[in-house]
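What follows is the residue order along each chain.
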2 protein chains.
Amino acid sequence: MSKWYENIGTDNTPIISSRVRLARNLADYPFAMFLSDGIADKMITEVVETIKTRPEYCDYSYLNVNEATAFDKRAFLERHAISGYMFESERRTGLLSSLDESAGIMLNEEDHIRIQCLSPGDGVDEAYKKADAIDDTLENTLKYAFDGDYGYLTSCPTNAGTGLRVSYMTHLPFLESSNQLKSLITSISKFGMTVRGIYGEGSESLGSIYQISNQVTLGKSEEEIILSLRNITRQVIEREINMLEKTLAHDRASFEDNVYRSYGVLSNCRKISAKEAMTLLSNVRLGFMSGVLKVKKPPLSIYNVVINIQPASLIKNSGRELADNETRDVFRAQYIRNVFSEEG
Amino acid sequence: MSKWYENIGTDNTPIISSRVRLARNLADYPFAMFLSDGIADKMITEVVETIKTRPEYCDYSYLNVNEATAFDKRAFLERHAISGYMFESERRTGLLSSLDESAGIMLNEEDHIRIQCLSPGDGVDEAYKKADAIDDTLENTLKYAFDGDYGYLTSCPTNAGTGLRVSYMTHLPFLESSNQLKSLITSISKFGMTVRGIYGEGSESLGSIYQISNQVTLGKSEEEIILSLRNITRQVIEREINMLEKTLAHDRASFEDNVYRSYGVLSNCRKISAKEAMTLLSNVRLGFMSGVLKVKKPPLSIYNVVINIQPASLIKNSGRELADNETRDVFRAQYIRNVFSEEG
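Computed from a predicted model, the values in this text were never measured in an experiment.

### Remarks on the sheet that holds strand S5 (residues 113-120) of chain B
All names here are of chain B.
Reasoning step 1: Strands sit in the order S2-S3-S4-S5-S1-S8-S10-S9 across an open sheet of eight strands; the sheet is antiparallel. Whereas interior strands pair on both sides, the edge strands pair on one side only; in this sheet they are strand S2 (61-64) and strand S9 (193-197). Across the sheet, the mean angle from the axis of one strand to that of its neighbour is 20 degrees, orientation sign disregarded.
Reasoning step 2: Where S9 meets strand S10 (residues 209-214), five bridges bridge the pair, whose relative direction is antiparallel. Looking at the pairing, valine 195 lines up with isoleucine 212 of S10.
Reasoning step 3: Most of the contacts of helix H4 (residues 124-141) go to S5, to which it runs at about 155 degrees, and overall it touches strand S1 (15-24), strand S4 (103-107), S5 and strand S8 (164-171).

Structure follows, in structure tokens:
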């Protein structure tokens, strides 16, 4: 079965993917950071059994995250299947996830339960529906920590209330290169929203990929949070597309040149770093989106290529060791050349 | 009929081409710079008729260089059919040349007669033979300025004696990038030889192309001049090839990467300057020479591509105006893409 992020349709819009996350805690357990290993295991087992006994989740599999190799954990992190928090945690942690990886339940992360649903393009409604269904299933059996005034209680107060975080993964090369992004981030933050790089708060913005998400989870309904984030994101996207259209109208030759050179290097290079590859893939994605790049489309989305060239994912897909950077850069180039020589 | 520089065999060696030039003056005329237009025309006519009445030169055509457009003259200069001196001269000048442009007689240049023969690869012997035959033809009819002690007399004393200059056009990317070229040029000059860029003394070394030629024309026989220049050039070439082989043995991945990226950019770019194109063509030539670049070979030599992308040659081949740099860079990119998509 193919993974949700393989969807190639998303290369046609600056919105790469959507994510919905619900933070929940069980009333009968102390918050995650205070759980002993034994109690954590008990809590995890309770949640896993609630899910595994239901036929609609028969394709879900369970992974003992704290027992996985650092390497496997990093590959999960690279495709956003687990959080940075869970990647670094040394406590008992687990992940229940659907076969296509579009739905996952992180267990004993910062909160007992983090339901996360991912969807290509603007799939927030679909992702929310799926997360909400998982939430209902759990709530029918388990007792959530819930307060009539505050709503769902969370380990960190910034997640309390709805416990909902919605994110759009967006591709914003023009806003980035025109330096408009900084002022945009400032205005967005006034609406209780935030913009981060592809790999979270501390990470650089690689490949011009940015996550736009809500910061405020309290005092608004789920519908309001989704609606306002979608409105803001659509305005951002509109500005990005306007800049693309202006460039196509006024400096098409330079734009074409940049796109085709990037394609030329990606489809011919013999070694390449992840960072350089992400920059060139960003240009190629723009080439496909604008219709300027008239070459074979690869059989997977550019975002999927971006994930697959990250160190751990690359090694996992190669089935080899690729111990040093040099070997990795050579294999990465080979992988990318193959991607662009396959028919989409 | 194809031109001598179209020969694709030369891409396999650092020696791109050979040139032999004989400087001669007629005894019955003052040196070129002292000729009035009328007397210059008379001198030119005398030489042209000597050649045109001989059946072996029936394919030779005559061009009134001083009446040609600056643009046509520049295209001749770009393919080394006329000298920089003749390009700039405002006096009466003419060029007799064979159909394949491998033999030419420049008239009323710095000297009355400059016989120039060009040949792909190490074709000095062939070029000398051809120049010598033209020289004999002229000497049988016309009276050369010749001195028993000094030999052939020339306008500038540095050309006196044999009047012979032999040049190898060579491709020396490794010697250039390793900074060994400067010390090499110093040692070569001690043997009465000189190294210049592709377009002569004042020009930068573009595309890692260098001309190695003799400076001293006096006190040595023609055979000695050719022999010592060939020996020096072979030593230079040997060092260049050694460096290539070392690189292939110790850092093949970086070398391959550089070669393929250059090919990727050339075969995909949408605009490119002559300077950047020459650098990338240098890498691609190295790729073909080393056997590393396994792509379709273009139907003409890389050196021919280098000539064809120079501004005047590019405009001439396009049949269009290409008035500004931007338009020229776009057409140059298109021309190069076509070259690399044609089967060799």
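### Some points on the nonpolar core
Reasoning step 1: Counting residues in each nonpolar core, the largest one holds 188 residues, and the members touching the most others are Ile134 and Phe340 of chain A together with Ile134 and Phe340 of chain B.
Reasoning step 2: Apart from the residues within four sequence positions on either side, phenylalanine 340 of chain B is in contact with Tyr263, Leu266, Ser267, Leu281, Val284, Phe288, Lys296, Pro298 and Ile302 of chain B.

### Side note on empty space enclosed by the protein
Leftover empty space is mapped by rolling, across the atoms, a probe with the size of a water molecule.
Residue and element names in this part refer to chain B.
Reasoning step 1: Inspection of the entire model under this criterion finds 10 cavities of 30 Å³ or more.
Reasoning step 2: Taken as a whole, the largest cavity encloses approximately 80 Å³ of empty space.
Reasoning step 3: Residue lining of the largest cavity: Ser17, Ser18, Arg19, His80, Leu118, Ser167, Tyr168, Met169, Gln211 and Tyr303, and that is the complete set.
Reasoning step 4: Residue assignment for the lining of the largest cavity shows that the elements contributing at least two residues are S1 and S8.
Reasoning step 5: Taken together, the residues of the lining of the largest cavity break down into four nonpolar, five polar and one charged.

### So, the sheet that holds strand S2 (residues 61-64) of chain A
Residues and elements named next belong to chain A.
Reasoning step 1: One open sheet accounts for eight strands, arranged S2-S3-S4-S5-S1-S8-S10-S9; its pairing is antiparallel. Where the open sheet ends on each side, the last strands, each with one partner, are S2 and strand S9 (193-197). Adjacent strand axes in the sheet meet at a mean angle of 20 degrees, parallel and antiparallel pairs treated alike.
Reasoning step 2: Pairing of strand S3 (residues 94-97) with strand S4 (residues 103-107), which is carried by four bridges, proceeds in the antiparallel orientation. Residue pairing for S4: serine 97 is matched across the bridge by glycine 104.
Reasoning step 3: Here helix H4 (residues 124-141) sits on the sheet in contact with strand S1 (15-24), S4, strand S5 (113-120) and strand S8 (164-171), set at roughly 155 degrees to S5.

### Some words on the packing of aromatic side chains
All names here are of chain A.
Reasoning step 1: Applying the stated rule across the entire model yields 14 aromatic pairs over all chains.
Reasoning step 2: Seen in terms of ring centroids, phenylalanine 174 and phenylalanine 255 are 6.1 Å apart; in terms of plane orientation they differ by 25 degrees. Their pairing is stacked. In this pair, phenylalanine 174 sits in helix H5 (residues 173-177) while phenylalanine 255 sits in helix H8 (residues 252-266), placing the two residues 81 residues apart along the sequence.
Reasoning step 3: Judged by its relative accessible area of 11%, phenylalanine 174 falls in the buried class.
Reasoning step 4: What makes phenylalanine 255 buried here is its relative accessible area of 7%.

### Focus: the interface of chain A and chain B
Reasoning step 1: Listed as interface residues are 17 residues of chain A and, on the opposing side, 17 residues of chain B.
Reasoning step 2: Both faces combined, the contact of chain A with chain B buries some 1500 Å², and carbon together with sulfur accounts for 51% of it.
Reasoning step 3: It is Arg261, Asn268 and Arg270 of chain A that lose the most area in chain A upon contact with chain B, and together they represent 39% of the buried surface on that side.
Reasoning step 4: Summed over the shared surface of chain A and chain B, the number is two salt bridges.
Reasoning step 5: At the boundary of chain A and chain B, one finds 10 residue pairs in polar contact (both at pLDDT 80 or more).

Parameters at a glance
Sequence order as written defines residue numbering, which begins from 1 separately in each chain. Chain labels run from A onward and ligand labels from 1 onward, assigned in the order the entries are written. With the structure being a predicted model, the display of local features is reserved for residues of pLDDT at least 70 and the display and counting of side-chain atom pairs for 80 or more, all residues being used for whole-chain, interface and lining totals. Working from all heavy atoms in the structure, the side-chain values ignore hydrogens and water. Only strands joined by at least two bridges in the DSSP assignment are considered to pair. Strands here are runs of E lasting at least two residues and helices are runs of H or I lasting at least four, both read from the DSSP assignment and numbered beginning at the N terminus. To obtain an axis, a line is fitted to C-alpha atoms, over the contacting stretch when the element is a helix, and the angle between two such axes runs from 0 to 180 degrees between their N-to-C directions. Any pair of residues with heavy atoms lying within 4.5 Å of one another is described as a contacting pair. To qualify as a nonpolar core, a set must consist of buried Ala, Val, Leu, Ile, Met, Phe, Trp, Tyr and Cys residues joined through side-chain atoms within 4.5 Å. Each residue is placed in one exposure class: buried if its accessible area under a 1.4 Å probe, protein chains only, is under 20% of its type's maximum, exposed if it is over 50%, and partly exposed if it falls in between. Using a 1 Å grid laid over the protein atoms alone, points where a 1.4 Å probe fits but cannot get out form a cavity; open sets with protein on both sides within 12 Å along at least 5 of 7 lines form a pocket; any residue with an atom within 4 Å of a point counts as lining. Grid points are joined across faces, edges and corners, and a volume is the space filled by probe spheres set on the points. Residue classes follow a fixed rule: Ala, Val, Leu, Ile, Met, Phe, Trp, Tyr, Cys and Pro count as nonpolar, while Asp, Glu, Lys and Arg count as charged, and any other residue, Gly among them, counts as polar. Under the pairing criterion, centres of Phe, Tyr and Trp rings, with the six-membered ring standing for Trp, must be within 6.5 Å; the plane angle then separates stacked pairs below 30 degrees from edge-to-face pairs above 60, leaving the rest tilted. Buried area is calculated as the accessible area (1.4 Å probe) missing from two parts once they are joined, with the contributions of both summed. When a carboxyl oxygen of Asp or Glu lies within 4 Å of a side-chain nitrogen of Lys or Arg, that pair is called a salt bridge. N or O atoms closer than or at 3.5 Å make up a polar contact, with two conditions inside protein: a donor-capable atom paired with an acceptor-capable one, and, for residues adjacent in sequence, both atoms drawn from side chains.

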